[in-house]
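Coordinate analysis (summary)
Residue strings, one per chain:
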Amino acid sequence: MKKKFLLLLFGMCLTVSAFAQLTVIKGSVLDATTGEPIPDVTITIEGTQLTTKTNALGEFSFTENIPLGEQILKVEMPDYGTKRFPIVVNEGSTIDLEGITLDYDASDKTDLFIISISDDNLLGDDNGLIDNVSGLLQSSRNVFLNAAAFDFSATFFRPRGLDNANSKVLINGIEMNKQFDGRPQWGNWGGLNDVQRNQEFTPGMTASDYTFGDLAGTNNIMMRASSYRKGGRISYASANRSYQGRVMGSYSSGLLSNGWAYSLLVSRRFGDEGFVEGTLYDANSFFAAVEKKINDKHSINFTGIYAQNRRGRSTAITEEIFNLKGREYNPFWGEIDGKLRNSRTREIEEPIFMLNHYWTISSKTRLNTNVAYQFGEIANSRIDNGGTRLVEFEGQEAFLGGARNPDPLYYQNLPSYHLRFPNPTPANFELAYKAQQEFINDGQLDWRRLYEANGILRNQGGNSLYAIQEDVIDDNQFTVNTILDHEINERIRLNASLNYRALRSENYARMNDLLGGTGYLDVDFFADENDNTISDEIAANLAQSDVRNRNRIVQEGERYKYNYEMNADVVSAFAQAQFNYNKVDFYVGAHVSNTTYQRVGLYENGFFRGGGNNGSFGESDQLDFTNYGVKGGLTYKITGRHLIDVNGSYFTKAPGIRNSFSNARQTNATVIGLESETIQSLDLSYIYRSPLVNARLTAFYAGFQNGSNIGFYFTQGLSGLLLNNADAFVQEITTNIERRNVGIEFGIDAQVTPTIKLKAAGSIGQYIFTNDPNLYLTSVDFDGPLTFGDGTTQLKNFHVSGGPERAVQLGFEYRDPDFWNFGVTANHFSNAYLSISNLARSANFSLDFDGNQNNQYDAEIARQLLKQEQFDDYMLVNVIGGKSWKVGDYFIGFFATINNVFNQQFKTGGFEQSRNANYNRVLEDNSRENGPLFGPRYFYGNGTTYYLNAYVRF
């Protein structure tokens, strides 16, 4: 008996000892105003991968693998302010943080991130430059990313020189990047601000639980019904930047006692124009999510999104146009019947449906399986001025018609055209003055003239001369994936996923508006423009968009010009292990994927008869890309306040559909020498954390090889061509592009008093081409491919354009205990560059029209002509403020922001025109006393803009 008692006593001592050695951090979180517990608050021990969420009673705890020493506990929740608590963890101790309070964040800054990023990405332009804004969305985890997402985004600043093709955007774990160009289409979920607040942002190539990721980071927007707090919100916003007004209402049930949860949102954004003239905004958004918690292990969630958006577009302008009309000018609109009408609109209508299954296999293993289907179209309109009528004589066909370009920016409409020659005469000055005054007083699209021209032809029994064409991308995409999260032991977590995406895309031109006409003849009026040697019969066949349906008369709503399908399939797998130790956290990950593309021509184009890769009808060759990647990183905790973080990656990436086919609208031909892009990256950070100061300094590097790009434009002066002035509309294909992005970025904030925070952030980078890529041209105007010299373009050491390379911010925030706040930032930008012409840096520039060396070529003058333009430095001051009140069970508040307070004038980007392709033409154009005819075109930033939002939350 005594022996048993001693054994029992010894066992009890061991148990007590074990409990005594147990290290615990626990606490609870309450609403500062109501005193009610807040569920689903994210609690993180900074610098580690330890994170948890509060339960229904607002409670949380950490009991395993807790690092010792000085630590920072971060408490964050959407709609509430974030708090950070310094703690000292001793082995075997219990830290009880009961009664942590969070204040409702009246500034609601999430709206500002989504507005400044997503709405401007809908703007678009002729060259696609605005669509390259990096998609940071909500980046409040990091002082620098916070500045980049809000204050820097108005200048189209790209963190680390990366655009949004280098980021991944997921909704409920499903990738939303388009396979066409690798970019997310923000309009697909625009206007859903209230249900986009639950986000997990993973910067750079750091460990993501869902996907391998990309250099600009991964953002997973969680739209799961049970993740939304119970309550509703109604808001109204007024602005002068993108839209003029927005009304939004949302309500979420929270998880009900019967296991159901639902969330609903309706919003409308509208405006005749934003800061830029004629940029109409007409958008309606609907969201619904319903979830059923079947039991403790299984839950099913359905999410439906319908976000229709119609937006008037604008474009880059030359300095001559800017001096005449200012930065708000937009040539695409004109007035008709007392209303503004924009000829170039983009309409997005692509509903998304998702079904998500959440399976808690055990306390350490979770499996999330998702299925998504997206369908609908993106349509971009423009004026088609190639209308003709068919004339038959003695068995021969001819096409009569075609009209002058109605664009107000057409170079012959401008004063510089009349003063283009040396020593202008009084008559030239008179014509220039008339053109100047007409442009200043009007300068808009003359819709009435287009209708009148069509009316005359209609009365004569002819077809429309002018019409509105829509370029349509009609996608049907199916996605399925499964994501595993398994805790192997207290120190090791495994993430893995399998993904499959199938895209069936129809691409075609659609007749939108005959502008008062009765039909449109579907032929290419310019088919034989540069070749007088071919017969009328051959020309008549070349002109056909579809020789299997010759001389078709098109009605509104019908397809014409081009019509093809694009099929794409992607299969990928990802695995990652995350390790968590007292002094070091690290991760390793890998992925592999296979991507296939194939074009299926539905029209047999007159220039590309037959099928196969050299024709236009039927199936092209199938492109096949197998890609892989590895990444890894670690965080070394010198102390609880000082950390070192390093991340590296090496991976290959399939080109997008856009850069895989040289001229997909007319032919099956694929890009010559096309390869997957190879990317390497490395970043090293020093992080300092304390109750008063939070700072981070990062050095970064990214290298790119085997990149590709395709451009489309009209050019003059191609060497070696027996054409009229060597003119041609060309496709410029550039391959084997190498780039290097290096720099440093920093962010620091200091809570100098309980109500005042000072902050600073910045980035200093250099983003350049590191080789001379391959370049060739294709066109229906000549037999291709056409190369010059050694077939390269001399881009080495030129800067890659895309916003300023340097950005620095200083600012402060004041947050009063009485629920109002105010902040000011000053932001300085420099080292932004013009996008250069690749063709002008090829051997074509120094060659004569006959293909021989130009005897007039002067290397020193050429160097000056080809020098890359650097934009002037500028500073923008932004102000933000807000206030909220609690009235009974309601929260009422507003917040406002004013950007560019001092109305600073600045260029955000631009590009050289490639119309002049050789030395003589460029020299002549740049030597004109009264300005070039084809000078660079620039994007100008907005002047002073505001955003005001008032809301009621219940």
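Residues numbered from 1 in each chain as written. Predicted model: local features only at pLDDT ≥ 70, side-chain atom pairs only at ≥ 80, totals over all residues. Heavy atoms only, no water.

1. Here's the deal with the overall build of the chain
Formally: A run of H or I in DSSP counts as a helix once it spans at least four residues, and a run of E counts as a strand once it spans at least two, with each numbered from the N terminus. Radius of gyration: over C-alpha atoms. The globule rule applied is 2.2 Å multiplied by the number of residues raised to the 0.38 power. Under the scheme applied here, a residue whose accessible area is under 20% of the maximum for its type counts as buried, over 50% as exposed, and between as partly exposed, the area being computed with a 1.4 Å probe on protein chains only. Any two residues whose heavy atoms approach within 4.5 Å at even a single point are treated as in contact. All accessibility values rest on the Shrake-Rupley procedure with a 1.4 Å probe; residue burial counts only the protein chains present in the view.
When its secondary structure is counted, the chain shows ten helices and 45 strands. Radius of gyration (C-alpha) of the chain: 31 Å, near the 30 Å computed for a compact globule of 954 residues. The dimensions of the chain, computed from C-alpha atoms along their principal axes, are 125 × 60 × 55 Å. Within the chain, the fraction of its 954 residues that count as buried is 57%. Long-range contacts, defined here as pairs at least 24 residues apart, represent 71% of the contacts in the chain between residues at least 6 apart. Carbon together with sulfur atoms contributes 55% to the accessible area of the chain, which is approximately 39500 Å² in total.

2. Remarks on helix 7 (residues 447-459)
To keep it simple, the criterion reads: Under the convention used throughout, the expected extent of a helix is 1.5 Å for every residue step, that is, one less than its residue count. Here the arc refers to the set of directions running from the helix axis out to each C-beta atom.
Look at helix 7: 19 Å from first C-alpha to last across 13 residues, which is about the 18 Å you get at 1.5 Å a residue. For helix 7, the set of buried residues is Trp-447, Leu-450, Asn-454 and Gly-455. Burial along helix 7 is one-sided: seen end-on, the buried residues are contained in an arc of 135°. Facing away from the buried side of helix 7, by more than 90 degrees, are the exposed residues Ile-456 and Asn-459. Of the surrounding secondary structure, the elements contacted by the buried residues of helix 7 are strand 18 (333-336), strand 19 (339-342), strand 22 (365-384) and strand 25 (467-489).

3. Quick notes on the packing of aromatic side chains
Aromatic ring pairs are described here by two measures, namely the spacing of the ring centres and the angle between the planes. The criterion, for reference: Stacked, edge-to-face and tilted labels apply to pairs of Phe, Tyr and Trp rings (six-membered ring for Trp) whose centres lie within 6.5 Å, assigned for plane angles under 30 degrees, over 60, and everything in between, in that order. The criterion is that NZ of a Lys, or CZ of an Arg, lies within 6 Å of the ring centre and within 35 degrees of the ring normal, and then a charge sits over that ring.
Summed over all chains, the structure comprises 39 aromatic pairs. Measuring from centroid to centroid gives 6.3 Å for Tyr-562 and Tyr-564, while their planes differ by 35°, and the two rings are tilted. The exposure classification of Tyr-562 matches that of Tyr-564, with both residues buried. Through successive ring pairs, a cluster of aromatic residues spans Phe-144, Phe-152, Phe-157, Phe-829, Tyr-874 and Phe-906. Its guanidinium or amino end placed over the ring of Phe-617, Arg-548 lies 3.7 Å from that ring's centre, counting from NZ or CZ. Residue placement shows Arg-559 over the ring face of Tyr-508; its charged tip is 3.7 Å from the ring centre.

4. Considerations on the confidence of the model for the chain
Inclusion rule: You can read pLDDT as the predictor saying how much it trusts each residue, on a scale of 0 to 100.
Across the chain, the average pLDDT comes to 90, with 92% of residues at or above 70. Predicted confidence is poor over residues 112-140, with pLDDT under 50, and the contacts of this stretch with residues over four places away or in other chains come to 117 contacts.

5. Brief notes about the pattern of salt bridges
Operational definition: Definition used for salt bridges: Asp or Glu carboxyl oxygen within 4 Å of a side-chain nitrogen of Lys or Arg.
Taken as a whole, this structure holds 40 salt bridges when the rule is applied. Put simply, Arg-233 and Asp-194 hold a salt bridge, and the shortest N to O gap is 2.9 Å. Here Arg-233 is found in strand 12 (residues 231-239), whereas its partner Asp-194 is found in the loop between strand 9 (174-175) and strand 10 (199-202), with 39 residues between them in sequence. Of the charged contacts, one joins Asp-282 and Arg-310 as a salt bridge, the two residues approaching to 3.6 Å between their closest N and O atoms. A residue pair is termed long-range when its members are at least 10 positions apart, and Asp-282 in strand 15 (residues 281-293) and Arg-310 in strand 16 (residues 298-312) qualify at 28 residues. Shared partners join several salt bridges into a network, and the residues in it are Asp-209, Arg-366, Asp-485 and Arg-493.

6. Here we look at the pairing of strand 37 (residues 756-769)
What counts is decided by this rule: If DSSP finds at least two bridges between two strands, the strands pair.
As paired strands, strand 36 (residues 728-751) and strand 37 are joined by 13 bridges and run antiparallel to one another. Residue pairing across strands places Gln-751 opposite Lys-757, the latter belonging to strand 37. Where strand 36 folds back on strand 37, the antiparallel hairpin that results is connected by four residues. Both strand 37 and strand 39 (residues 806-816) contribute to a ladder of nine bridges, which runs antiparallel.

7. Description of helix 10 (residues 919-926)
Here helix 10 has its buried residues at Tyr-919, Val-922 and Asp-925. Buried residues along helix 10 cover an arc of 140° about the axis, so they all sit on one side.

8. Concerning the sheet that holds strand 4 (residues 59-62)
Convention followed: To obtain an axis, a line is fitted to C-alpha atoms, over the contacting stretch when the element is a helix, and the angle between two such axes runs from 0 to 180 degrees between their N-to-C directions.
The strand order 4-1-7 describes an open sheet built from three strands, whose pairing is mixed. Looking at the sheet topology across the chains shown, the edges are occupied by strand 4 and strand 7 (94-102). Averaged over neighbouring strand pairs, the angle between their axes works out to 15° when direction is ignored. Examined bridge by bridge, strand 1 (residues 24-31) and strand 4 share four bridges and lie antiparallel to one another. Counted as the bridge partner of Lys-26 is Ser-61 from strand 4.

9. Details of the sheet that holds strand 6 (residues 83-89)
Hydrogen bonds between backbone groups are what pair the strands of a sheet, and the pairing can be parallel or antiparallel. One open sheet holds the four strands; their spatial order is 3-2-5-6, and the pairing between them is antiparallel. Each edge of the open sheet is held by one strand with a lone partner, namely strand 3 (51-53) and strand 6. With strand direction ignored, the average angle separating the axes of adjacent strands in the sheet is 20°. Looking at chain direction, strand 5 (residues 69-76) and strand 6 are connected through seven bridges and run antiparallel. Directly across from Ile-72, in strand 6, lies its bridge partner Pro-86.

10. Some details on the nonpolar core
Where we set the bar: For this analysis, a nonpolar core means a set of buried residues of the types Ala, Val, Leu, Ile, Met, Phe, Trp, Tyr and Cys, connected via side-chain atoms within 4.5 Å.
The biggest cluster of nonpolar side chains holds 23 residues, and the ones touching the most others in it are Met-511, Tyr-520 and Tyr-597. Sort the elements by how many residues they give to this core and strand 29 (residues 559-580) lands first, with five residues. Setting aside residues up to four positions removed in sequence, Tyr-597 forms contacts with Gln-179, Asn-567, Ala-568, Asp-621, Gln-622, Leu-623, Phe-625, Pro-655, Gly-656, Ile-657, Ser-660 and Phe-661. Core analysis: the second largest hydrophobic core is formed by 21 residues, Val-169, Ile-171, Tyr-228 and Ile-305 among them.

11. As for the side chain of Thr-670
Put simply, the rule reads: A 3.5 Å cut-off defines polar contacts: any pair of N or O atoms within that distance qualifies, except that in protein one atom must be a possible hydrogen donor and the other a possible acceptor, and neighbouring residues in sequence count only when both atoms are side-chain atoms.
Along the polypeptide, Thr-670 turns up in the loop between strand 33 (642-653) and strand 34 (677-689). Judged by relative accessible area, Thr-670 falls into the buried class, the value being 16%. At 3.4 Å, the side chain of Thr-670 and the side chain of Asn-613 are in polar contact. Once you skip the residues sitting within four places of it in the chain, Thr-670 turns out to touch Asn-613, Leu-623, Ser-660, Phe-661, Ser-662 and Tyr-776.

12. Here we look at the pairing of strand 32 (residues 623-637)
The pairing of strand 30 (residues 584-601) with strand 32 spans 14 bridges and is antiparallel. Bridge assignment links His-591 to a residue of strand 32, and that residue is Gly-629. As defined by bridge partners, strand 32 adjoins strand 33 across nine bridges and the pair is classed as antiparallel. When the sheet's bridge partners are listed, Val-630 is paired in strand 33 with Tyr-650. Between strand 32 and strand 33, which pair antiparallel and follow one another directly, the connecting turn spans four residues.

13. Quick word on unusual backbone geometry
Most peptide bonds are trans, and most residues other than glycine sit at a negative phi. Not every positive phi belongs to a glycine, and Asp-40 is a case in point at roughly 65°. Relative to the elements of secondary structure, Asp-40 occurs in the loop between strand 1 and strand 2 (42-45). Phi is positive for Asn-831, close to 60°, though the residue is something other than glycine. Mapped onto the elements of the fold, Asn-831 is located in the loop between strand 40 (820-830) and helix 9 (859-865). Its relative accessible area of 12% is what places Asn-831 among the buried residues.

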